[in-house]
Amino acid sequence: MSTSETFSFRIADRLRGVDSSPVRDLLEVVSKEGVISFAGGVPDPEYFEVADVRAAYQWVFENHPLRALQYASSEGEPELREQAARRISRHLPTTADQIQVTTGSQEGLFVVAQALVNPGDTILVERPTYLAAVQAFDLNGAHMVGVPTDEHGVLPDELERLIGEHHPKFVYLIPSFQNPSGICMSVERRQAVADVLLRTRTALVEDDPYGELCYTGEPLPPIASLPGMSAQTILLNSVSKIIAPGVRVGWMRSEGPIQFTLTVAKGAIGLQSPVPDQLAVAHYLETADVEAHLQRVRPVYAERARAMHAELEKILPAGAQVTRPDGGMFLWARLGHGIDTARLLEIAVEEGVAFVPGASFYAHDADESTMRLSFVTHGPEKIREGVQRLRRALDRYQAELG
């Protein structure tokens, strides 16, 4: 018998029993041929500004080829940190030295967990919350507690009660067009949440990848921008939604000693983010008309959000609840009636449509009748076809139950 057949690595306790990844499973579903996928938050590639992105990379290799291919600092390239600071400063005065570059905001979540979480520490999260955040915090040994939400976001009274009960290391929130629910926290609710956090001196990790995908009005200021909040908030942003998700560049804003700790954690995880990408993104943000791009995609996605909401209301069981997002990429449905959306997904894929079952978005006590659907990938006609396939899957599921 060969050595490879007898040897077994001793897996770390935090990964023991983990036989899959929700994100990996999601991407596999997206790639299935013939399936209309509402699963991933996959922007429509027809609306990528390919010429502007190509020009940005060409500029890098025409002007800084050797620098782009060399080692660099863990903090990030100065030009990108400056551009990130300028964007955040529209709501919250920020300097370049308050910016830590990350390889997408997903890496930022893992950096935060490495920097702040000891095994057994409690983190308060929305109920439901972003599935990859659950994974990042869980792999670092966190104990997560879900805070109830309504149509305006996390409930301040419940937040304060749970802070008093659990003394969390921090609270993790996605105030703008939350993933998975699509809910956008109102200005009044943001202030009420800030009041609780300030009164209890509780740290906030604020994730804001979707704020600029608002379909009416202007993007709302982050909670970090409210008086007194900046010092106790780590604010995460990404260019995935304003350029393209394949460009894995994001950043974090923080103040005080935590900045050094975040840089140390970033360096340990990946040393540095790719320099060509950083320089290209910095040049793109400096020279491209980002607002024109956003103005082009916002009405397209708004129409798709309305189409999906209208079609779902026609086919879901009586009493089902569906959010009506006014921005972002997702809506959230609670079917009730004891429906298990994990089993429903199996049937749905056979019918040629996919979504994400809701259980992965809960820190505990999952509502298994929930589901997340993304409306940004397909136009209204394909959305209608996909929802009809979902109707057939629901009919089969209910027939299976007898």
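Treat the numbers as computed from the prediction; the structure is a model and nothing was measured.

**Points about the overall build of the protein**
Okay, step 1: In terms of regular secondary structure, the protein is built from 14 helices and 15 strands.
Okay, step 2: The globule rule puts the C-alpha radius of gyration for 402 residues at 21 Å, and the 21 Å found for the protein is close to it.
Okay, step 3: Principal-axis analysis of the C-alpha atoms gives the protein an extent of 65 × 65 × 50 Å.
Okay, step 4: Every one of the 402 residues in the protein was classed for burial, and the buried ones make up 54%.
Okay, step 5: Once local pairs closer than 6 in sequence are excluded, the contacts in the protein between residues at least 24 apart make up 75%.
Okay, step 6: Counting only carbon and sulfur atoms, one obtains 52% of the accessible surface of the protein, whose full area is about 18,000 Å².
Okay, step 7: Positive and negative charge centroids in the protein, built from 37 and 53 side chains respectively, lie 1 Å apart.

**Some remarks on unusual backbone geometry**
Okay, step 1: Of the consecutive residues Arg127 and Pro128, the connecting peptide bond is found in the cis state with omega at 5°.
Okay, step 2: Checked against the element boundaries, Pro128 lands in the loop between strand S3 (122-126) and helix H7 (131-139).
Okay, step 3: Residue Pro180 follows Asn179 across a cis peptide bond; omega there is 25°.
Okay, step 4: Within the secondary structure layout, Pro180 lies in the loop between strand S7 (170-173) and helix H9 (187-200).
Okay, step 5: With a phi close to 60°, His337 is a non-glycine residue in the positive phi region.
Okay, step 6: Looking at the element boundaries, His337 is found in the loop between strand S12 (330-334) and helix H13 (341-351).
Okay, step 7: When its relative accessible area of 60% is taken as the criterion, His337 is described as exposed.
Okay, step 8: You will see that Asp365, though not glycine, has its phi angle at about 50°, which is positive.

**Some points on the packing of helix H3 (residues 50-63) against helix H11 (residues 275-287)**
Okay, step 1: Closest axis-to-axis distance for the H3/H11 pair is 8 Å, and the angle between their directions is 120°. Considering their axes alone, H3 and H11 lie oblique with respect to each other. Where H3 crosses over H11, the two elements pack in a sense that is right-handed. Residue-level contacts link Asp52, Val53, Ala56, Tyr57, Trp59, Val60 and Phe61 of H3 to Pro276, Asp277, Leu279, Ala280, His283 and Tyr284 of H11.
Okay, step 2: Looking at the contact of H3 with H11 residue by residue, the classes come out as ten nonpolar, one polar and two charged.

Criteria and thresholds
- Residues numbered from 1 in each chain as written.
- Predicted model: local features only at pLDDT ≥ 70, side-chain atom pairs only at ≥ 80, totals over all residues.
- Heavy atoms only, no water.
- Helix = DSSP H or I, 4+ residues; strand = E, 2+ residues; numbered from the N terminus.
- Rg over C-alpha atoms; globule rule 2.2 N^0.38 Å.
- Buried < 20%, exposed > 50% of the residue type's maximum accessible area, 1.4 Å probe, protein only.
- Contact = heavy atoms within 4.5 Å.
- Areas by Shrake-Rupley, 256 points an atom, 1.4 Å probe, with all protein chains shown as cover.
- Lys, Arg positive; Asp, Glu negative; His and termini not counted.
- Charge placed at Lys NZ, Arg CZ, Asp CG, Glu CD.
- Axes fitted to C-alpha atoms, helices over the stretch in contact; angles between N-to-C directions.
- Parallel < 35°, antiparallel > 145°, perpendicular 65-115°, else oblique.
- Left-handed = near helix turned anticlockwise from the far one by under 90°.
- Nonpolar A, V, L, I, M, F, W, Y, C, P; charged D, E, K, R; others polar.

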